[in-house]
Amino acid sequence: MPELSPSRRAEIEERWGLVPQGEQPLVTVTCSSRPGALLNAIRHAPEDVHALLAEVDRLRFRVGALTVLLEQAQRDASTALARTGGER
């Protein structure tokens, strides 16, 4: 899985950052303080969500791989300490 590029992440953040917090799921342009931003964000929602979910999957995989490495390093450190009688 390729990493979400910084420019793509910034694009998504910029687009959704323009939508005021607390916007209601019912989309009415007349009740929005930034209707253009809201409509633009909604138009891009499917691709933005897909990109963000792919990034979450990539990061989960990376965390799993790093967890395995950390566990191995901890086992190696314990083994080394046991061999030396706990001396460093």
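Below is a summary of the structure that appears in this document. Each chain carries its own residue numbering, running from 1 in the written order of its sequence. With pLDDT at 70 or above as the cut-off, local features in this predicted model cover only qualifying residues; side-chain atom pairs require 80 or more to be listed or tallied, and sums for whole chains, interfaces and linings still use all residues. Side-chain metrics in this entry use all non-hydrogen atoms of the structure; hydrogen atoms and water are not considered.

## Looking at the overall build of the chain
- If you tally the helices and strands in the chain, you get 2 helices and 0 strands.
- Relative accessibility decides the category of a residue: with a 1.4 Å probe and only protein chains considered, values under 20% of the type maximum give buried, values over 50% give exposed, and everything between is partly exposed. Classification of the 88 residues of the chain by burial places 17% in the buried group.
- A separation threshold of at least 6 residues defines the contact pool for the chain, and within that pool the share at least 24 residues apart is 59%.
- Exposure was quantified through the Shrake-Rupley algorithm and a 1.4 Å probe, taking into account, for residues, occlusion by the shown protein chains and nothing else. Split by element, the accessible area of the chain, about 7,000 Å² in all, is 61% carbon and sulfur. Each helix is a run of DSSP H or I of at least 4 residues and each strand a run of E of at least 2, with the numbering of both proceeding from the N terminus. We call two residues contacting when some pair of their heavy atoms lies within 4.5 Å.

## Some points on helix α1 (residues 6-17)
- Compared with an ideal rise of 1.5 Å per residue, which puts 12 residues at 16 Å, α1 spans 16 Å between its outermost C-alpha atoms and is within 8% of the ideal.
- Each element contacted by the buried residues of α1 is listed here: α2 (35-83). To estimate how far a helix should extend, the number of its residues minus one is multiplied by 1.5 Å.

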